[in-house]
Amino acid sequence: MHIDRDHAISFLEKGTDSEEIFVQARSIRDETWGRKVTFSKKVFIPLTTLCQDKCAYCTFAKPPGNGGEYLSPEDVLAIARAGDAVGCTEALITLGDQPEVRWKAAREFLSGRGLTTTLEYVQEMTELIVAETGIFPHANPGLMSVDAMRALRPSNASMGMMLENISPRLLEPGMPHFDCPDKEPSLRVKTIEASGEAKVPFTTGVLIGIGENTGEVVDSILALRDLCGSTGSIQEVIVQNFRAKADTRMRRSAEPVPAYFARVIALTRVLVPGNVSVQVPPNLTEKYETYLDAGINDWGGVSPLTIDWVNPEQPWPQLAELNARSEAHGFKLKQRLPVYPRFLNEEWVDPKLLSRLANLVGDDGYVPFADTPVAIT
């Protein structure tokens, strides 16, 4: 079934052709990915909670003196080693975007280490993790140039940055991205495009429920579809639902209802290329397994040790539970690396990282662990 923009909007708003589109989404998933659903066993490393932006829904970013700070190298290494000890393969490096632009405290911290940018500190810390542990960084530092990605590539198996939404309207006064210069959609598109030029396996996605309209949701998915084709670097698209948080300007904003959110997921699965993974975080919806009916094939990163620093009020499911719910829905749970199997080659991964990554997977490109998942205590 061909779905144009108007049809997509009607599907999201009215459920037009819902049965056919959901069937098509599941068919695309099954043909490409089979009856398995994957996850990445990770630790979450919040490298700095300082940020240039002031998103209306965010509790991650904090100002100096009120929680805004950088992790020390000792803290970074301690988290990475703890994850390595329990079999994690991903170190998710999350941080505020270019905090040195807004905050004197950020500039002083970096200057004290002989650095000028936070991206340089990301490089230092990911190189440290690779040198001292068997875990693989996946950096999400925000806007990046081609040169910055190339500098990070030898110490990052993959990288990522959410598009969130393609509409510049969300930057206007009163909207969620007002006073957020790094959320300019055209700049985020350029970063995604840079991943293709730098040959970096990349994760991106949309954030649903932050004040966008259905046309803007469709336009964002179509933009990601086009970027999948033009860059060749996008390994997965995350479809993430907004969750309202206390102490934010959007604390009373409505969250997307699961039925609508499921339609967004199915539309994404139908519109983006079949070999691009579609992920939904399992900790943001109570009955997350129902999204398997919308065509997803991945749960994203799940940590046995660290909280979700972006959604700290939402705990990760234990792996035994994740496995049980997946199996009850007819899916085998498989553990993947932070880089997907089709990108495990020298074109996309630094040769030194590639040899280490290859030693962790079986012939199918997945980590054998997930064949016999155990509870995390």
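A brief structural summary. Per chain, the residues get numbers from 1 upward, laid out in the order the sequence is written. Where totals are concerned, whole chains, interfaces and linings use all residues; where local detail is concerned, this predicted model gives features only for residues with pLDDT of at least 70, and gives and counts side-chain atom pairs only at 80 or more. With hydrogens and water stripped out, all remaining heavy atoms of the structure feed into the side-chain values.

**So, helix α11 (residues 319–328)**
Inference 1: Relative accessibility under 20% of the residue-type maximum defines a buried residue, over 50% an exposed one, and the middle range a partly exposed one, all with a 1.4 Å probe and only protein chains included. Strands are runs of DSSP state E lasting at least two residues, helices are runs of H or I lasting at least four, and both sets are numbered from the N terminus onward. Those residues of α11 that sit buried are L319, L322, N323 and S326. The buried side chains of α11 occupy one side of the element, clustering within an arc of 95 degrees when seen end-on.
Inference 2: It only takes one pair of heavy atoms within 4.5 Å for two residues to be counted as in contact. The inward-facing, buried residues of α11 abut β1 (36–48), β8 (298–302) and β9 (332–336).
Inference 3: Within two residues after α11, G330 carries a phi angle of roughly 90 degrees, on the positive side. Each C-beta atom gives one direction from the helix axis, and the arc is the one those directions make.

**Brief notes about the packing of aromatic side chains**
Inference 1: Two rings belonging to Phe, Tyr or Trp (six-membered ring only in the last case) form a pair when the distance between their centres is within 6.5 Å. Interplanar angles under 30 degrees mark stacking, angles over 60 mark edge-to-face geometry, and anything in between is tilted. The final tally for this structure, using the stated rule, is 8 aromatic pairs.
Inference 2: Taking the centre distance of 5.9 Å and the plane angle of 75 degrees together, the rings of Y70 and Y121 count as edge-to-face. Of the two residues, Y70 is situated in the loop between β1 and α3 (73–85) and Y121 in helix α6 (residues 118–132); the sequence distance between them amounts to 51 residues.
Inference 3: Looking at Y70, the relative accessible area reads 9%, which means it is buried.
Inference 4: Judged by centre distance (5.2 Å) and plane angle (80 degrees), the ring pair of F109 and Y121 falls under edge-to-face. Linking F109 in helix α5 (residues 104–112) with Y121 in helix α6, this pair joins segments that are 12 residues apart in sequence.
Inference 5: Judged by its relative accessible area of 25%, F109 is partly exposed.
Inference 6: Judged by relative accessible area, which is 0%, Y121 ranks as buried.

**Topic: the side chain of S155**
Inference 1: With respect to the secondary-structure elements, S155 resides in the loop between α7 (146–152) and β4 (158–160).
Inference 2: The class for S155 is buried, based on a relative accessible area of 2%.
Inference 3: Pairing of N or O atoms within 3.5 Å defines a polar contact, subject to two protein rules: one partner must be a possible hydrogen donor and the other a possible acceptor, and residues neighboring in sequence count only if both atoms are side-chain atoms. A polar contact of 2.8 Å, which involves the side chain of S155, links it to the side chain of T126.
Inference 4: Here S155 is in contact with Q123, T126, E127, V130, P137 and L353, once residues within four sequence places are set aside.

**Brief notes about the packing of α3 against α6**
Inference 1: Structural elements are reduced to axes, namely lines fitted to C-alpha atoms, with helices fitted over the stretch in contact, and the angle between N-to-C directions of any two is expressed from 0 to 180 degrees. Taken N-terminus to C-terminus, the directions of α3 and α6 make an angle of 45 degrees; their axes are 10 Å apart at the nearest point. Taken together, the axes of α3 and α6 lie oblique to each other. The two elements α3 and α6 cross, and the hand of that crossing is right-handed. Listed contacts from α6 to P73, V76, L77, A80 and R81 of α3 are Y121, M125, L128, I129 and E132. Angle categories: roughly parallel below 35 degrees, roughly antiparallel above 145, roughly perpendicular from 65 to 115, and oblique for all the rest. Here a crossing is taken to be left-handed if its near helix is turned anticlockwise relative to the far helix by less than a right angle, and right-handed if that turn runs clockwise.

As far as function goes, none of this settles anything; it's purely spatial.
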